[in-house]
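Take a look at the letters that make up each chain.
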Amino acid sequence: MWKYTGTKECNDFLLSLHLFDCKDKKKYIKTIYSISNNVEANYRKFKIKKRSESYRTIYEPSPLLKYIQKQILCNILNNKSISNYAKAYKKGISLKENALPHTNKKKILKLDIKNFFDNISFYSVYQSCFPIEYFPKSVGILLTYLCTYKDHLIQGAPTSAYISNLVMKEFDENIGGWCKEKNISYTRYSDDLTFSGDFTPKEIIKKVRNELFKLGLELNQKKTHVIYRQNKQCVTGLVVNEKVEVSTSYRKEIRKEMYYIKKFGLLSHLEKSKCSIPPEKYVRSLYGKINYVLQISQENKEFQNYKNFLSVYKK
């Protein structure tokens, strides 16, 4: 379709995408090419501490690049479907939807993709998101540059999350179909792969490793876990042994906080517990934790009462 497309046609195509507001067509085209040719200069790099005490590098795009990426996300990427087995980065889908298929199962296998975003290549992004069937080659490559950093995906760009699902679509469908034939439940939440049922873990691991290899990805051996029914089975932080629920320890901690607030009053409780967090911030945090429990268990009257009680302090 794009075999005889020239520079003018490609520029017209770029103009039709309305990647940012600019009435001057020449300036629009010049800006787009300038950013795509020097993407690295349009990012601010910083680190945030993870729970494991190690650090995760985050790349924050410049305001203009971020706006362009949001336009790409809204006007191009969101029109592409992803697999039903993918449960992260989807509107209206929560952690509960990822955990539900694994409720009350004999065995759970949890796998992790090593350095997930960093190992999703420029070529994979181009093929999955901006292929020659729908975009002139030069435009597809330019859009891929705008969504990657040093030839791979990064955490921080608005487009990265949805792109990862598009790149993984064929993988998800292949693994999901294979699992369905064997009566195994499968879901993927970003780089976390979960399998449940009655199966031989080595067989699944071998299949997954082979499929990931096609994408230039590999498993993180340190994060492979098999959990049996007699133990606490957790999927993305939720207990699934009998039903999907927040862990007992998480709920118990909220109960303890609410007990002392009701007994002593908010300010007195914070003073007695030598809490250095400002009252407003403490209330917002506790309110958020209660909402999290209710998101998973909407009919929990105990936590509904906690929410109603705390809403007075929140105001």
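These numbers come from a predicted model, not from an experiment.

(A) Fine view of the pairing of strand 3 (residues 107–112). In terms of burial, strand 3 is a largely internal element, five of the six residues being buried. By the bridge criterion, six bridges tie strand 3 to strand 5 (residues 192–197) in an arrangement that is antiparallel. For Lys 110, the partnering residue across the bridge sits in strand 5 and is Thr 194. By the bridge criterion, four bridges tie strand 3 to strand 6 (residues 225–228) in an arrangement that is antiparallel. Residue pairing in the sheet places Ile 108 in a bridge with Ile 227 of strand 6.

(B) Spotlight on the pattern of salt bridges. Tallied over the entire structure, the rule returns 10 salt bridges. Its salt-bridge partner being Glu 245, residue Arg 251 comes within 3.7 Å of it at the nearest N-O pair. The class for Arg 251 is buried, based on a relative accessible area of 14%. Through salt bridges with shared partners, one network takes in Lys 207, Glu 211 and Lys 214.

(C) Representation of the packing of helix 12 (residues 279–296) against helix 13 (residues 301–314). Look at helix 12 against helix 13: their axes get within 10 Å of each other, and the N-to-C directions meet at 155°. Here helix 12 lies roughly antiparallel to helix 13, going by the angle between them. The chirality of how helix 12 crosses helix 13 is left-handed. Residues Val 283, Leu 286, Tyr 287, Ile 290, Asn 291, Val 293 and Leu 294 of helix 12 form the contact with helix 13, whose own contacting residues are Phe 303, Gln 304, Tyr 306, Lys 307, Leu 310, Ser 311, Tyr 313 and Lys 314. Across the contact of helix 12 with helix 13, the residue classes break down as 10 nonpolar, three polar and two charged.

(D) Looking closely at the packing of aromatic side chains. The full count for this structure, using the stated rule, is 13 aromatic pairs. With a centroid separation of 5.6 Å and an interplanar angle of 40°, the aromatic rings of Tyr 85 and Tyr 186 are classed as tilted. A residue pair is termed long-range when its members are at least 10 positions apart, and Tyr 85 in the loop between helix 3 (63–75) and helix 4 (95–99) and Tyr 186 in strand 4 (residues 185–189) qualify at 101 residues. Of the residues examined, Tyr 186 reaches a relative accessible area of 4% and is grouped as buried. One aromatic cluster in this structure is built from Phe 13, Phe 130 and Phe 135.

What counts and what doesn't
Residues numbered from 1 in each chain as written. Predicted model: local features only at pLDDT ≥ 70, side-chain atom pairs only at ≥ 80, totals over all residues. Heavy atoms only, no water. Buried < 20%, exposed > 50% of the residue type's maximum accessible area, 1.4 Å probe, protein only. Helix = DSSP H or I, 4+ residues; strand = E, 2+ residues; numbered from the N terminus. Pairing = 2+ DSSP bridges. Salt bridge = Lys/Arg side-chain N within 4 Å of Asp/Glu carboxyl O. Axes fitted to C-alpha atoms, helices over the stretch in contact; angles between N-to-C directions. Parallel < 35°, antiparallel > 145°, perpendicular 65-115°, else oblique. Left-handed = near helix turned anticlockwise from the far one by under 90°. Contact = heavy atoms within 4.5 Å. Nonpolar A, V, L, I, M, F, W, Y, C, P; charged D, E, K, R; others polar. Phe/Tyr/Trp six-rings, centres within 6.5 Å; stacked < 30°, edge-to-face > 60°.

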